[in-house]
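Reading the structure
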Amino acid sequence: MSGVVTGRADGPGGRSTPRERLRALRSVPLRHAAALPAGVLLHLAFPPRLVWWTAPIAFALLWWALQRTTVRRAALIGFVFGLAFFLPHLVWIENFLGQEFGPAPWVGLSALMAVFTAAFGAVVPLLSRLPGAPLWAAAAFVLQEALRGRIPLNGFPWGRVAFSQAEGPYLPLAAFGGAPLVTFAVVATGFTAAALVTRPTLLRAVPVLLLVVALVGVPAPPADAQAGTRTVALVQGNAPDLGLGLLGARDLLRRNHLAVTAELADEIRAGTVPRPDLVLWPEGATGTDGTDPAIDRAVADLGVPTLIGAMYRHADGTENAVVAWDPRTGPGERYAKQELVPFAERIPLRPIASLVTPFVDVPDLLAGGRPGRIDLADTRLGVGICYEVAYDWVLREAAGRGAQLLVVPTDNAWYGPGEMTYQQLAMARLRAVEHGRAVVVPALSGVSAVVRPDGSVARSTEMYTAATVVEQVPLRTDVTPATRWGGAVEMLFVAAAVGGCLAGAVRHRRRRTGRP
């Protein structure tokens, strides 16, 4: 048997005995089988369900599965865990692409993401030799999330453990270290609890106690207004559940949003809703080149500054953007999406992309090059469009530049009435706490929502309905530790994981050679 076997070794030179190796070999099928429910339990922790506590249980089970096994088998256990998580978590990709492409893109992306959890599993036997091994391993899990959020093709940060914690005691930690700290706390809880149960020692009890104290002692996120309030109106024009059929439905989306905006203007005049300070359209609700009489009339009828989500055409190409539209002066400042979705908004590897995407004949959108901060209605808005809410840096950059309110326009109509839109809303809730800001989510077909700075949802809509939401939100100016130092916190975990792996490798080498 090759690789590292964790646990006590009684053989010569610190190697495991034949009896121990035989016992480890017999337990392999059971450990592989344990990785399967562990991955499913992690998926169950995510919205729309409210069982956040299944996440630490999942990692307790995974820790048990990864003990006393070789590097190769630990990698396989990590792969099984990742596949069991990502397949149900990303099933909305299959709903989106439908029968035309079959399950290959969904299964292929899930398997690619599971490669990262396999790499994590492979290093656990090294880290298990260190004092405080569960904490080193939790840092390594943060490392694999950081890597898959960056590579390949700018990564795919969907499904990070932190995004499962929109409810429960871990969420306030986001204000201090963002998603990386929340992920670390959840994983460390499961790992240390399992280590304590399987081999109780004082050394292993201390991290558990520290985690409990940290969770109990973290204050609730503040939600009070520091710079006044704004009344915002979200326009959800709706779209039919067409999946790929929406490729030809841009005119329909435009008509729907103009119609719902006109209804909102009538309600404002009738006094049935309060006059908003700011109106928000969702992502991609129309196409425009900035010269648009219909939108001019709609915004003038409202008499309220409006942020229009549009496919913005200009001489160099098309951007997925939001445009600040004034009722008197028309279009002004705009923000273009910086993190474009691979194989949808930009097409890498075009010769083979037709196997996994229907957009291969569509020109790439232009990526934006400036931070998502727009001043509108005497308010500093921080903007991240749809997919960008999964990336830490986009809204952190906007909040760091003085945004008082965060806006996440989105278009989830492509993905059917499944869990995708709820998964994304959970990300917005974490960002609210992370940056201490209210977050408003105007969605093309739902769920549109207003999220308070403490992560709670003040108002939300149903999916696939035409609706408006009018709600007062607080403006805040304090800069949270996560906004200021969130990137550094992630790098600390990465450095700890790399250092732990090196130390574990050195200890393993010394044990194999019989050196003290």
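Bear in mind that the values here come from a model prediction, so they are computed numbers and not experimental data.

Moving on to the nonpolar core. With 126 residues, the main nonpolar core has Leu 42, Phe 59 and Leu 307 as its most contacted residues. The residues contacting Leu 42, other than those within four sequence positions of it, are Ala 55, Ala 58, Phe 59, Phe 81, Phe 85 and Val 161. Residues Leu 264, Ala 265, Ala 285 and Tyr 312 belong to the second largest nonpolar core, which totals 22 residues.

Turning to the packing of helix H9 (residues 250-270) against helix H10 (residues 293-302), a few remarks are in order. Put simply, H9 and H10 touch, their axes get as near as 9 Å, and they point 20° apart. One element, H9, and the other, H10, form an angle in the roughly parallel class. The two elements H9 and H10 meet at a crossing, and its hand is left-handed. Taken together, the residues of H10 that come into contact with H9 (itself represented by Arg 254, Leu 258, Thr 261, Leu 264, Ala 265, Ile 268 and Arg 269) are Ala 294, Ile 295, Ala 298, Asp 301 and Leu 302. Considering only residue class, the contact of H9 with H10 consists of eight nonpolar, one polar and three charged.

Time to look at the packing of aromatic side chains. Applying the stated criterion across every chain yields a total of 17 aromatic pairs. Relative to Tyr 415, the ring of Trp 92 lies with its centre 5.2 Å away and its plane at 85°, an arrangement referred to as edge-to-face. Placement of Trp 92 in helix H4 (residues 92-97) and of Tyr 415 in the loop between strand S9 (405-407) and helix H13 (420-435) is noted, with a sequence separation of 323 residues between them. Residue class for Trp 92 comes out buried when judged on its relative accessible area of 6%.

Taken residue by residue, H10 has Ile 295, Ala 298, Val 299 and Leu 302 as its buried positions. Seen along its axis, H10 keeps its buried residues to an arc of 90°; they face one direction. On its buried side, H10 packs onto H9, strand S2 (278-280), strand S3 (286-288), strand S4 (306-314) and strand S5 (317-326). Positive backbone phi, approximately 70°, marks Gly 303, located one or two places after H10.

Across the sheet, six strands lie side by side as S7-S8-S9-S10-S11-S12; this open sheet has mixed pairing. Across the chains shown, the open sheet's two edge strands, defined by having one partner strand only, are strand S7 (373-376) and strand S12 (457-460). Put simply, the sheet's adjacent strands are angled 20° from each other on average, direction ignored. Where strand S11 (residues 449-451) lies against S12, three bridges are found, and the strand directions are antiparallel. Within S12, the position partnered with Val 451 by the bridge is Val 457. Contacts between helix H12 (residues 392-400) and the sheet are confined to S7, strand S8 (379-383) and S9, with S8 contributing the most and set at about 165° to the helix. In the packing of H13 onto the sheet, the strands contacted are S9, strand S10 (439-441), S11 and S12, and the crossing angle to S10 comes to about 160°.

Quick notes on the rules
- Residues numbered from 1 in each chain as written.
- Predicted model: local features only at pLDDT ≥ 70, side-chain atom pairs only at ≥ 80, totals over all residues.
- Heavy atoms only, no water.
- Core = buried A, V, L, I, M, F, W, Y, C linked by side-chain atoms within 4.5 Å.
- Buried < 20%, exposed > 50% of the residue type's maximum accessible area, 1.4 Å probe, protein only.
- Contact = heavy atoms within 4.5 Å.
- Axes fitted to C-alpha atoms, helices over the stretch in contact; angles between N-to-C directions.
- Helix = DSSP H or I, 4+ residues; strand = E, 2+ residues; numbered from the N terminus.
- Parallel < 35°, antiparallel > 145°, perpendicular 65-115°, else oblique.
- Left-handed = near helix turned anticlockwise from the far one by under 90°.
- Nonpolar A, V, L, I, M, F, W, Y, C, P; charged D, E, K, R; others polar.
- Phe/Tyr/Trp six-rings, centres within 6.5 Å; stacked < 30°, edge-to-face > 60°.
- Arc of directions from axis to C-beta.
- Pairing = 2+ DSSP bridges.

Everything listed here is a matter of geometry and, on its own, says nothing about what the molecule does.
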